[in-house]
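Here is how the chains run, residue by residue.
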Amino acid sequence: MINFHDQVYAFPETSNAERYDPVCNGWSKCAYLCANSAMVTVVRGQIYAIEFNTSTQKSTISRYNMELCSWETVLSSHQGCRKDSCVVTAGNHLYVIGGKPPQASEYVAKAERFDTVEKKWEEIADMQRARGCACDEWKRLADGLSERNQKTQMINFRDQLYAFPETSNAERYDPVFNGWSTLDLCANSAMVTVVRGQIYAIKVDTSTEQSTISRYNVELCSWETVLSSDEGCRVEPCIVTAANYLYVFGGKPAQASQYVTKAERFNTLENKWEEIADMQQERGCALVWPLKERFLLPEGETRRERCRELVRCTMFLQMNGNLLEA
(Lines give C-alpha, C1' and ligand atoms only; values in the text may rest on other atoms or scores of the structure.)
Protein backbone atom coordinates (compact mmCIF):
# COMPACT_ATOMS: atom_id res chain seq x y z
CA MET A 1 0.00 0.00 0.00
CA ILE A 2 1.51 3.32 -1.04
CA ASN A 3 0.51 6.94 -1.39
CA PHE A 4 1.55 8.16 -4.84
CA HIS A 5 0.74 11.59 -6.30
CA ASP A 6 -2.02 12.05 -3.72
CA GLN A 7 -3.76 8.78 -4.58
CA VAL A 8 -3.74 5.48 -2.71
CA TYR A 9 -3.22 2.10 -4.40
CA ALA A 10 -3.47 -1.37 -2.91
CA PHE A 11 -1.64 -4.25 -4.62
CA PRO A 12 -2.96 -7.74 -3.77
CA GLU A 13 -0.33 -10.33 -4.54
CA THR A 14 -2.15 -11.95 -7.46
CA SER A 15 -5.61 -10.43 -7.95
CA ASN A 16 -6.62 -7.14 -9.52
CA ALA A 17 -6.38 -3.98 -7.49
CA GLU A 18 -9.19 -2.01 -5.90
CA ARG A 19 -9.46 1.76 -6.15
CA TYR A 20 -11.19 4.11 -3.75
CA ASP A 21 -12.47 7.46 -5.04
CA PRO A 22 -13.21 9.84 -2.12
CA VAL A 23 -15.19 12.14 -4.43
CA CYS A 24 -17.63 9.38 -5.43
CA ASN A 25 -17.05 7.51 -2.13
CA GLY A 26 -16.82 4.17 -3.90
CA TRP A 27 -14.45 1.30 -4.71
CA SER A 28 -13.66 -0.09 -8.15
CA LYS A 29 -11.39 -2.75 -9.60
CA CYS A 30 -8.21 -1.82 -11.51
CA ALA A 31 -6.92 -4.09 -14.26
CA TYR A 32 -3.28 -2.95 -14.35
CA LEU A 33 -0.08 -2.75 -12.32
CA CYS A 34 0.38 -6.07 -10.53
CA ALA A 35 3.16 -6.31 -7.96
CA ASN A 36 3.13 -10.11 -7.55
CA SER A 37 5.15 -10.85 -4.39
CA ALA A 38 7.46 -7.83 -4.55
CA MET A 39 7.48 -5.00 -2.01
CA VAL A 40 6.45 -1.75 -3.68
CA THR A 41 7.33 1.82 -2.79
CA VAL A 42 7.77 5.25 -4.38
CA VAL A 43 11.03 7.15 -4.79
CA ARG A 44 10.94 10.71 -6.12
CA GLY A 45 7.66 10.26 -7.97
CA GLN A 46 8.43 6.85 -9.48
CA ILE A 47 7.11 3.45 -8.41
CA TYR A 48 9.80 0.93 -7.48
CA ALA A 49 9.61 -2.71 -6.41
CA ILE A 50 12.12 -4.93 -4.69
CA GLU A 51 11.74 -8.70 -4.85
CA PHE A 52 13.76 -11.18 -2.80
CA ASN A 53 14.63 -14.61 -4.21
CA THR A 54 16.03 -16.74 -1.41
CA SER A 55 16.78 -19.68 -3.72
CA THR A 56 19.14 -17.62 -5.92
CA GLN A 57 20.02 -15.36 -2.97
CA LYS A 58 19.40 -12.30 -5.12
CA SER A 59 17.30 -9.16 -4.87
CA THR A 60 15.80 -7.50 -7.94
CA ILE A 61 15.02 -3.78 -8.14
CA SER A 62 12.39 -2.84 -10.73
CA ARG A 63 10.86 0.48 -11.79
CA TYR A 64 7.35 0.81 -13.23
CA ASN A 65 7.10 2.50 -16.64
CA MET A 66 3.82 4.41 -16.59
CA GLU A 67 3.79 4.92 -20.38
CA LEU A 68 4.39 1.26 -21.24
CA CYS A 69 2.42 -0.05 -18.24
CA SER A 70 5.17 -2.54 -17.43
CA TRP A 71 7.98 -3.21 -14.96
CA GLU A 72 11.59 -2.58 -16.04
CA THR A 73 14.45 -4.32 -14.24
CA VAL A 74 16.95 -1.85 -12.82
CA LEU A 75 19.38 -4.20 -11.06
CA SER A 76 19.63 -7.80 -9.84
CA SER A 77 22.34 -8.52 -7.27
CA HIS A 78 23.16 -10.36 -4.05
CA GLN A 79 22.88 -7.15 -2.01
CA GLY A 80 19.80 -6.30 0.00
CA CYS A 81 18.54 -9.89 -0.14
CA ARG A 82 17.03 -10.48 3.31
CA LYS A 83 13.64 -11.83 4.32
CA ASP A 84 11.34 -9.87 6.62
CA SER A 85 13.41 -6.70 6.22
CA CYS A 86 12.15 -3.17 6.83
CA VAL A 87 11.89 -1.16 3.61
CA VAL A 88 11.62 2.64 3.59
CA THR A 89 12.53 5.45 1.20
CA ALA A 90 14.16 8.84 1.78
CA GLY A 91 15.49 11.22 -0.84
CA ASN A 92 16.76 9.24 -3.84
CA HIS A 93 17.38 6.11 -1.80
CA LEU A 94 15.53 2.88 -1.03
CA TYR A 95 16.64 1.57 2.36
CA VAL A 96 16.64 -2.11 3.38
CA ILE A 97 17.03 -2.49 7.14
CA GLY A 98 17.49 -5.68 9.16
CA GLY A 99 15.75 -8.91 8.20
CA LYS A 100 17.10 -12.44 7.80
CA PRO A 101 19.78 -13.37 5.23
CA PRO A 102 19.02 -16.42 3.04
CA GLN A 103 19.30 -19.69 4.94
CA ALA A 104 19.58 -17.79 8.26
CA SER A 105 17.17 -18.10 11.18
CA GLU A 106 18.01 -14.90 13.07
CA TYR A 107 17.52 -11.25 12.31
CA VAL A 108 20.55 -9.05 11.69
CA ALA A 109 21.39 -5.38 12.25
CA LYS A 110 22.54 -5.00 8.64
CA ALA A 111 21.50 -1.79 6.86
CA GLU A 112 22.08 -0.69 3.28
CA ARG A 113 20.46 1.48 0.65
CA PHE A 114 19.91 1.52 -3.10
CA ASP A 115 20.71 4.75 -4.96
CA THR A 116 18.01 5.10 -7.62
CA VAL A 117 19.97 7.80 -9.46
CA GLU A 118 23.29 5.95 -9.77
CA LYS A 119 21.56 2.55 -9.73
CA LYS A 120 23.86 0.97 -7.19
CA TRP A 121 23.81 -0.34 -3.63
CA GLU A 122 25.60 1.57 -0.87
CA GLU A 123 26.74 0.37 2.55
CA ILE A 124 25.55 2.42 5.54
CA ALA A 125 26.00 2.09 9.31
CA ASP A 126 24.36 -0.97 10.85
CA MET A 127 21.55 -0.54 13.38
CA GLN A 128 22.24 -0.82 17.08
CA ARG A 129 20.05 -3.93 17.33
CA ALA A 130 18.90 -6.70 15.05
CA ARG A 131 15.47 -5.94 13.57
CA GLY A 132 12.79 -7.61 11.52
CA CYS A 133 9.41 -6.50 10.18
CA ALA A 134 7.35 -9.63 9.70
CA CYS A 135 7.24 -11.65 12.90
CA ASP A 136 8.24 -11.96 16.55
CA GLU A 137 10.79 -14.41 17.84
CA TRP A 138 13.46 -14.75 20.48
CA LYS A 139 17.09 -14.36 19.51
CA ARG A 140 20.23 -15.26 21.43
CA LEU A 141 22.62 -12.34 21.82
CA ALA A 142 26.39 -12.69 21.72
CA ASP A 143 26.65 -12.00 25.47
CA GLY A 144 24.23 -14.82 26.25
CA LEU A 145 21.24 -12.64 27.05
CA SER A 146 17.84 -13.16 25.49
CA GLU A 147 15.98 -10.31 23.87
CA ARG A 148 12.56 -10.15 22.26
CA ASN A 149 13.16 -9.15 18.65
CA GLN A 150 10.01 -7.11 18.27
CA LYS A 151 8.05 -6.16 15.21
CA THR A 152 9.45 -2.90 13.92
CA GLN A 153 7.74 -0.06 12.09
CA MET A 154 9.77 2.41 10.07
CA ILE A 155 8.91 5.92 8.94
CA ASN A 156 10.68 8.67 7.06
CA PHE A 157 10.39 11.90 9.03
CA ARG A 158 12.26 15.02 7.91
CA ASP A 159 14.61 12.92 5.75
CA GLN A 160 15.68 10.80 8.70
CA LEU A 161 14.66 7.18 9.32
CA TYR A 162 12.84 6.26 12.52
CA ALA A 163 12.53 2.63 13.63
CA PHE A 164 9.77 1.94 16.16
CA PRO A 165 10.05 -1.44 17.94
CA GLU A 166 6.86 -2.70 19.51
CA THR A 167 7.69 -1.74 23.11
CA SER A 168 11.26 -0.38 23.35
CA ASN A 169 12.61 3.05 22.41
CA ALA A 170 12.91 4.13 18.80
CA GLU A 171 16.16 4.40 16.84
CA ARG A 172 16.93 7.18 14.38
CA TYR A 173 19.24 7.06 11.36
CA ASP A 174 20.86 10.32 10.23
CA PRO A 175 22.17 9.98 6.63
CA VAL A 176 24.42 13.04 7.06
CA PHE A 177 26.41 11.44 9.90
CA ASN A 178 25.72 7.86 8.75
CA GLY A 179 24.84 6.74 12.25
CA TRP A 180 22.03 5.44 14.46
CA SER A 181 20.99 6.81 17.85
CA THR A 182 18.46 5.69 20.45
CA LEU A 183 15.68 8.17 21.22
CA ASP A 184 13.54 8.78 24.27
CA LEU A 185 10.53 7.99 22.09
CA CYS A 186 8.37 4.86 22.22
CA ALA A 187 5.28 3.86 20.25
CA ASN A 188 4.03 1.36 22.87
CA SER A 189 2.47 -1.06 20.35
CA ALA A 190 0.69 1.78 18.53
CA MET A 191 0.75 2.01 14.73
CA VAL A 192 2.82 5.02 13.66
CA THR A 193 2.63 7.13 10.51
CA VAL A 194 3.23 10.66 9.23
CA VAL A 195 0.48 13.09 8.18
CA ARG A 196 1.50 16.40 6.64
CA GLY A 197 4.85 16.52 8.41
CA GLN A 198 3.60 15.39 11.84
CA ILE A 199 3.98 12.00 13.51
CA TYR A 200 0.68 10.35 14.44
CA ALA A 201 -0.05 7.10 16.22
CA ILE A 202 -3.21 5.03 16.55
CA LYS A 203 -3.48 2.55 19.41
CA VAL A 204 -6.24 -0.03 19.71
CA ASP A 205 -7.42 -1.22 23.13
CA THR A 206 -9.53 -4.36 22.66
CA SER A 207 -10.50 -4.49 26.35
CA THR A 208 -12.20 -1.08 26.28
CA GLU A 209 -12.97 -1.40 22.54
CA GLN A 210 -11.55 2.07 21.89
CA SER A 211 -8.92 3.54 19.60
CA THR A 212 -6.72 6.46 20.59
CA ILE A 213 -5.21 8.90 18.08
CA SER A 214 -2.08 10.67 19.33
CA ARG A 215 0.22 13.29 17.81
CA TYR A 216 3.89 13.63 18.72
CA ASN A 217 4.96 17.07 19.98
CA VAL A 218 8.53 17.48 18.76
CA GLU A 219 9.21 20.50 21.01
CA LEU A 220 7.95 18.83 24.20
CA CYS A 221 9.18 15.36 23.15
CA SER A 222 5.90 13.76 24.20
CA TRP A 223 2.72 12.24 22.79
CA GLU A 224 -0.47 14.31 22.95
CA THR A 225 -3.85 12.58 22.83
CA VAL A 226 -6.00 13.91 19.99
CA LEU A 227 -9.08 11.70 20.34
CA SER A 228 -10.21 8.48 22.00
CA SER A 229 -13.33 6.83 20.64
CA ASP A 230 -14.86 3.50 19.62
CA GLU A 231 -14.28 4.27 15.93
CA GLY A 232 -11.35 2.75 14.06
CA CYS A 233 -11.01 0.13 16.78
CA ARG A 234 -9.89 -2.95 14.85
CA VAL A 235 -6.92 -5.26 15.25
CA GLU A 236 -4.46 -5.63 12.34
CA PRO A 237 -5.98 -2.99 10.05
CA CYS A 238 -4.33 -1.46 6.99
CA ILE A 239 -3.19 2.09 7.76
CA VAL A 240 -2.35 4.71 5.12
CA THR A 241 -2.38 8.50 4.97
CA ALA A 242 -3.53 10.78 2.16
CA ALA A 243 -3.65 14.56 2.35
CA ASN A 244 -4.95 15.41 5.86
CA TYR A 245 -6.48 12.00 6.48
CA LEU A 246 -5.43 8.85 8.28
CA TYR A 247 -7.26 5.91 6.68
CA VAL A 248 -8.07 2.65 8.48
CA PHE A 249 -9.01 -0.26 6.20
CA GLY A 250 -10.19 -3.72 7.19
CA GLY A 251 -8.80 -5.51 10.23
CA LYS A 252 -10.62 -7.47 12.91
CA PRO A 253 -13.14 -5.84 15.27
CA ALA A 254 -12.59 -6.39 18.98
CA GLN A 255 -13.54 -9.94 20.02
CA ALA A 256 -13.86 -10.99 16.33
CA SER A 257 -11.79 -13.60 14.50
CA GLN A 258 -12.46 -12.59 10.87
CA TYR A 259 -11.25 -9.64 8.82
CA VAL A 260 -13.87 -7.15 7.62
CA THR A 261 -14.33 -4.78 4.67
CA LYS A 262 -14.90 -1.77 6.93
CA ALA A 263 -13.17 1.47 5.87
CA GLU A 264 -13.04 4.86 7.57
CA ARG A 265 -10.73 7.82 7.93
CA PHE A 266 -9.63 10.30 10.60
CA ASN A 267 -9.57 13.98 9.66
CA THR A 268 -6.45 15.44 11.33
CA LEU A 269 -7.62 19.03 10.75
CA GLU A 270 -11.06 18.67 12.32
CA ASN A 271 -9.98 15.87 14.69
CA LYS A 272 -12.93 13.63 13.89
CA TRP A 273 -13.67 10.26 12.24
CA GLU A 274 -15.51 10.09 8.90
CA GLU A 275 -17.34 7.14 7.35
CA ILE A 276 -16.36 6.11 3.81
CA ALA A 277 -17.43 3.30 1.50
CA ASP A 278 -16.44 -0.22 2.57
CA MET A 279 -13.88 -2.15 0.56
CA GLN A 280 -14.91 -4.89 -1.88
CA GLN A 281 -12.78 -7.52 -0.13
CA GLU A 282 -11.88 -8.21 3.50
CA ARG A 283 -8.35 -7.17 4.30
CA GLY A 284 -5.95 -7.21 7.19
CA CYS A 285 -2.29 -6.56 7.83
CA ALA A 286 0.00 -6.44 10.80
CA LEU A 287 2.76 -4.09 9.66
CA VAL A 288 3.02 -0.71 8.03
CA TRP A 289 5.94 0.78 6.14
CA PRO A 290 5.29 4.50 5.74
CA LEU A 291 7.54 5.54 2.87
CA LYS A 292 7.59 9.34 2.76
CA GLU A 293 3.94 9.83 1.94
CA ARG A 294 3.80 6.34 0.41
CA PHE A 295 2.80 3.25 2.31
CA LEU A 296 3.29 -0.47 1.77
CA LEU A 297 1.29 -2.94 3.83
CA PRO A 298 1.85 -6.72 3.79
CA GLU A 299 -1.24 -8.82 4.52
CA GLY A 300 -1.57 -12.23 6.08
CA GLU A 301 -4.25 -14.55 7.37
CA THR A 302 -2.50 -17.53 8.91
CA ARG A 303 0.07 -18.04 11.62
CA ARG A 304 2.63 -20.80 12.02
CA GLU A 305 4.48 -20.99 15.33
CA ARG A 306 5.21 -17.29 16.08
CA CYS A 307 5.42 -16.24 12.45
CA ARG A 308 2.72 -14.59 10.41
CA GLU A 309 2.60 -16.05 6.91
CA LEU A 310 2.36 -13.43 4.18
CA VAL A 311 -0.69 -13.99 2.00
CA ARG A 312 -0.56 -10.89 -0.19
CA CYS A 313 0.85 -7.39 -0.38
CA THR A 314 -1.46 -4.44 -0.88
CA MET A 315 -0.44 -1.00 -2.06
CA PHE A 316 -2.37 2.28 -1.98
CA LEU A 317 -1.58 5.60 -3.59
CA GLN A 318 -3.29 8.92 -4.23
CA MET A 319 -3.64 10.82 -7.48
CA ASN A 320 -5.56 14.00 -8.26
CA GLY A 321 -7.32 13.89 -4.92
CA ASN A 322 -8.58 10.32 -5.37
CA LEU A 323 -7.75 7.40 -3.09
CA LEU A 324 -6.86 4.32 -5.08
CA GLU A 325 -6.22 0.70 -4.20
CA ALA A 326 -4.42 -1.11 -6.97
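This structure is a prediction, so every number in the text was calculated from the model and none was measured.

What follows is about the overall build of the protein. Along the backbone of the protein there are 0 helices and 32 strands. Considering the protein as a whole, with its 326 residues, one finds that 53% of them fall into the buried category. Within the protein, counting contacts between residues at least 6 apart in sequence, those at least 24 apart form 48% of the total. Accessible surface computed for the protein: about 14200 Å², of which carbon and sulfur atoms make up 44%.

Take the confidence of the model for the protein next. For the protein, per-residue confidence averages 76 on the pLDDT scale, and residues scoring 70 or more make up 72% of the total. This stretch, residues 286–324, has a pLDDT under 50; its non-local contacts, to residues over four places away or in other chains, come to 206 contacts.

With the rule as written, the count across this model stands at 10 aromatic pairs. With 5.2 Å between their ring centres and 70° between their planes, Y64 and W71 make a pair best called edge-to-face. On the accessibility criterion, Y64 (7% relative accessible area) is buried. Relative accessible area serves as the criterion here: at 28%, W71 is assigned to the partly exposed category. Pairing Y95 with Y173 gives two aromatic rings, centres 5.9 Å apart and planes at 65°, and the pair type is edge-to-face. Of this pair, Y95 sits in strand β10 (residues 93–97) while Y173 is found in strand β17 (residues 171–174), placing the two residues 78 residues apart along the sequence. Note on Y95: relative accessible area 2%, which makes it buried. The exposure class assigned to Y173 is buried, which follows from its relative accessible area of 1%.

As a further point, take unusual backbone geometry. Here Q103, not a glycine, exhibits a phi torsion of approximately 70°, which is positive. Checked against the element boundaries, Q103 lands in the loop between β10 and β11 (111–115). Using a relative accessible area of 68% as the deciding quantity, one classes Q103 as exposed. The phi dihedral of S189 is positive, around 70°, even though this residue is not glycine. Structurally, the position occupied by S189 is in the loop between β18 (179–182) and β19 (191–195). Looking at S189, the relative accessible area reads 44%, which means it is partly exposed.

For the rest of this paragraph, the subject is the side chain of R265. Mapping R265 onto the fold places it in strand β27 (residues 263–267). Separated by 2.9 Å, the side chains of R265 and Y247 make a polar contact. Apart from residues no more than four positions distant in its own chain, R265 is found in contact with P22, Y245, L246, Y247, K272, W273, E274 and I276.

Attention shifts here to the sheet that holds strand β21 (residues 210–217). Taken in spatial order, the 4 strands make up an open sheet running β19-β20-β21-β22, and their pairing is antiparallel. Because the sheet does not close on itself, it has two edges, and the strands there are β19 and β22 (222–229). Sheet twist, expressed as the mean angle between neighbouring strand axes with direction ignored, is 30°. Bridging between strand β20 (residues 198–205) and β21 involves 6 bridges; their strand directions are antiparallel. Paired with I202 across the strands is I213, a residue of β21.

With that settled, consider the environment of Y200. Secondary-structure assignment places Y200 in strand β20. C-alpha separation for the pair Y200 and L246, spaced 46 residues apart in sequence, amounts to 8.8 Å. When near neighbours in sequence (up to four residues on either side) are disregarded, Y200 contacts M191, V192, T193, V195, I213, S214, R215, W223, V226, L246 and T268.

This paragraph deals with the sheet that holds β11. The strand order across the open sheet formed by 4 strands is β9-β10-β11-β12, and the pairing between neighbours is antiparallel. Two strands lie at the open edges of the sheet, namely β9 (86–90) and β12 (120–123), each paired on one side alone. Neighbour-to-neighbour, the strand axes of the sheet open up by a mean angle of 25°, direction not taken into account. Inspection of the sheet shows β9 paired to β10 by 5 bridges, in the antiparallel sense. Within β10, the residue paired with C86 across the bridge is I97.

Parameters at a glance
Residues numbered from 1 in each chain as written. Predicted model: local features only at pLDDT ≥ 70, side-chain atom pairs only at ≥ 80, totals over all residues. Heavy atoms only, no water. Helix = DSSP H or I, 4+ residues; strand = E, 2+ residues; numbered from the N terminus. Buried < 20%, exposed > 50% of the residue type's maximum accessible area, 1.4 Å probe, protein only. Contact = heavy atoms within 4.5 Å. Areas by Shrake-Rupley, 256 points an atom, 1.4 Å probe, with all protein chains shown as cover. pLDDT = per-residue confidence, 0-100. Phe/Tyr/Trp six-rings, centres within 6.5 Å; stacked < 30°, edge-to-face > 60°. Polar contact = N/O pair within 3.5 Å; in protein donor to acceptor, adjacent residues only side chain to side chain. Pairing = 2+ DSSP bridges. Axes fitted to C-alpha atoms, helices over the stretch in contact; angles between N-to-C directions.

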